[in-house]
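These are the residues of each chain, in order.
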Amino acid sequence: ATGSGSYTTSFAPTYAGILMALPVTEAPTNKVIPASYRMITPFRLRKEVLDALVYARYVVLTQTPDGSTKIVDAPTAARSTSDFNRRSTMRSVLAVMQDARTIADPYIGKLVDGRVREVLQSAINRMLQQRAKDGYLTSGFCIVTATRAQERQGKAVATFYLTPALELRQLQFVTYLS
């Protein structure tokens, strides 16, 4: 505290709050920070420096000509070659995984035979269709499999094929439902 009723802190908690307040289908990239946050950038950077910081995967703020502050980019900690280096992609995929685990929860630890896998796969695919209708995904489907040993242990493997709303390519990932 500076004694004048203001408070100086890192941007990290503010950024986390902005992330959590956004719908899963939106990234904080190019978002203006609400005036109520009274964000002031302590110095101005040339465009070349901003570009270098963005390229190096920093979350960067800039002052707009009208005096507001906006987020320049929203990278993740993933490597630049990863399918998961965009914040919006990570949020969509994590939301789908959370929903799939909720759907699978009643089946975990029970015999996961062919009939149960079909019911589980159908329920997950219905959820993916709803996510597409809601704008989280462009498309998506899931295939649920299990070896005989996994069946007896109440485990299943879900392979997802998703195209998140702000992506052009289909992502494939596997998660274990156990």
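First, a word on what this report is: a plain description of the structure on this page. (Residues numbered from 1 in each chain as written. Predicted model: local features only at pLDDT ≥ 70, side-chain atom pairs only at ≥ 80, totals over all residues. Heavy atoms only, no water.)

Of note, Asn30 is a non-glycine position whose phi angle comes to about 70°, a positive value. For Asn30, the location among the structural elements is in the loop between α1 (12-21) and α2 (47-55). Phi is positive for Arg57, close to 75°, though the residue is something other than glycine. On the accessibility criterion, Arg57 (27% relative accessible area) is partly exposed. (Helix = DSSP H or I, 4+ residues; strand = E, 2+ residues; numbered from the N terminus. Buried < 20%, exposed > 50% of the residue type's maximum accessible area, 1.4 Å probe, protein only.)

Take α1 next. Taken together, the buried positions of α1 are occupied by Thr14, Tyr15, Ile18 and Leu19. What you see down the axis of α1 is that its buried residues fit within an arc of 140°, all on one side. Looking at α1, the residues exposed on the side facing more than 90 degrees away from the buried face are Pro13, Met20 and Ala21. Looking at the packing, one finds that the buried side of α1 touches β2 (69-71) and α3 (87-104). (Arc of directions from axis to C-beta. Contact = heavy atoms within 4.5 Å.)

On to the nonpolar core. Formed by 24 residues in total, the largest nonpolar core has its most connected members in Ile124, Leu128, Phe160 and Leu162. Residue assignment for this core shows that the elements contributing at least two residues are α3, α4 (114-133), β3 (137-145), β4 (156-164) and β5 (171-177). In terms of residue count, the dominant contributor to this core is α3 (6 residues). Contacts of Ile124, omitting those with residues within four sequence positions, involve Ala100, Ile103, Cys142, Val144, Phe160 and Leu177. (Core = buried A, V, L, I, M, F, W, Y, C linked by side-chain atoms within 4.5 Å.)

Another point: the packing of aromatic side chains. On inspection of all chains with the given rule, the structure shows 2 aromatic pairs. Both rings, one in Phe141 and one in Tyr161, keep their centres 4.8 Å apart while their planes meet at 15°; by these two values the pair is stacked. A residue pair is termed long-range when its members are at least 10 positions apart, and Phe141 in strand β3 and Tyr161 in strand β4 qualify at 20 residues. For Phe141, a relative accessible area of 38% translates into the label partly exposed. (Phe/Tyr/Trp six-rings, centres within 6.5 Å; stacked < 30°, edge-to-face > 60°.)

Strand order in this open sheet of 3 strands is β3-β4-β5, and the pairing throughout is antiparallel. Both edges of this open sheet fall to β3 and β5, since each of them pairs with a single strand only. Adjacent strand axes in the sheet meet at a mean angle of 20° when their direction is disregarded. With 8 bridges joining them, β3 and β4 adopt antiparallel strand pairing. Its bridge partner being in β4, Ser139 is matched across the sheet by Thr163. Its contacts with the sheet put α3 on β3, β4 and β5, and the angle it makes with β5 is roughly 35°. (Pairing = 2+ DSSP bridges. Axes fitted to C-alpha atoms, helices over the stretch in contact; angles between N-to-C directions.)

Attention now moves to the packing of α3 against α4. One way to put it is that α3 packs onto α4 with a least axis distance of 10 Å and a crossing angle of 145°. Considering how the two elements wind past one another, α3 and α4 form a crossing that is right-handed. Only Leu120, Ala123, Ile124, Met127, Leu128 and Arg131 of α4 make contact with α3, whose side of the interface consists of Ala95, Val96, Asp99, Ala100, Ile103 and Ala104. Here the residues of the contact of α3 with α4 sort into 10 nonpolar, no polar and 2 charged. (Left-handed = near helix turned anticlockwise from the far one by under 90°. Nonpolar A, V, L, I, M, F, W, Y, C, P; charged D, E, K, R; others polar.)

Here α3 contains 18 residues, and its C-alpha end-to-end distance of 26 Å stays within 8% of the 26 Å for a straight helix at 1.5 Å per residue. Residues of α3 that are buried include every one of Ser88, Thr89, Arg91, Ser92, Val93, Ala95, Val96, Met97, Ala100 and Ala104, and no others. Check the buried side of α3 and you find it contacts α1, α4, β3, β4 and β5. (Expected span 1.5 Å × (residues − 1).)

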